[in-house]
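Results of the structural survey
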Amino acid sequence: MDRKRDPKPITRCGCMAAFGMKYDQKSNEWKTVEFASDHNHELASVSDVQFLCSHRKVGESDKAQVQALRSVGVKTSQILDHLESLSKQLVKLGMTQPAAEAS
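Calculation criteria
- Residues numbered from 1 in each chain as written.
- Predicted model: local features only at pLDDT ≥ 70, side-chain atom pairs only at ≥ 80, totals over all residues.
- Heavy atoms only, no water.
- Pairing = 2+ DSSP bridges.
- Helix = DSSP H or I, 4+ residues; strand = E, 2+ residues; numbered from the N terminus.
- Patch = residues over 30% accessible without salt bridge, like charges linked within 9 Å, V, L, I, M, F, W, Y side chains within 5 Å.
- Areas by Shrake-Rupley, 256 points an atom, 1.4 Å probe, with all protein chains shown as cover.
- Salt bridge = Lys/Arg side-chain N within 4 Å of Asp/Glu carboxyl O.
- Buried < 20%, exposed > 50% of the residue type's maximum accessible area, 1.4 Å probe, protein only.

**Some points on the pairing of strand β2 (residues 29-36)**
As defined by bridge partners, strand β1 (residues 18-24) adjoins β2 across seven bridges and the pair is classed as antiparallel. Across the sheet, residue glycine 20 finds its bridge partner in β2, namely glutamate 34.

**Some details on a nonpolar patch on the surface**
Taken together, the side chains of Phe19, Met21, Tyr23, Trp30 and Phe35 define a hydrophobic patch exposed on the protein surface, amounting to about 610 Å² of accessible area. Secondary structure elements with two or more residues in the nonpolar patch: β1 and β2. At three residues, β1 tops the list of elements feeding residues into the nonpolar patch. Here methionine 21 is to be found in strand β1.

**Re unusual backbone geometry**
Phi angles above zero are rare outside glycine, and asparagine 28 is one such case at about 60°. Along the chain, the position of asparagine 28 falls in the loop between β1 and β2. Look at asparagine 28 and you get exposed, because its relative accessible area is 56%.

**As for the pattern of salt bridges**
Counted according to the given criterion, the structure contains two salt bridges. In this structure, lysine 31 and aspartate 24 form a salt bridge, with 3.4 Å as the shortest nitrogen-oxygen distance. Here lysine 31 falls in the partly exposed class, since its relative accessible area comes to 38%. Classification of aspartate 24 as partly exposed rests on a relative accessible area of 24%.

Put into structure tokens, the structure is as follows:
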């Protein structure tokens, strides 16, 4: 039985671009084994890169806050609403998330 899921049609476009790496234990180094830069779509602009799944990260302070809220029984949907409201407050202050964490 083949359990592999079909790719999502909206997010997959058959792009043949690829970057593959392999760890070489003898030399203790990572080596490039495949590189194909042939894209069949436009690349994300610099201002849109932050919205790509591969570039989304959850900061340590957010993780700690989520764990604290979960430990006292706050529902996941309420936690997400809270984090979203904090994010909107940062935008109103003219701050980005990394700038806010640094201050």
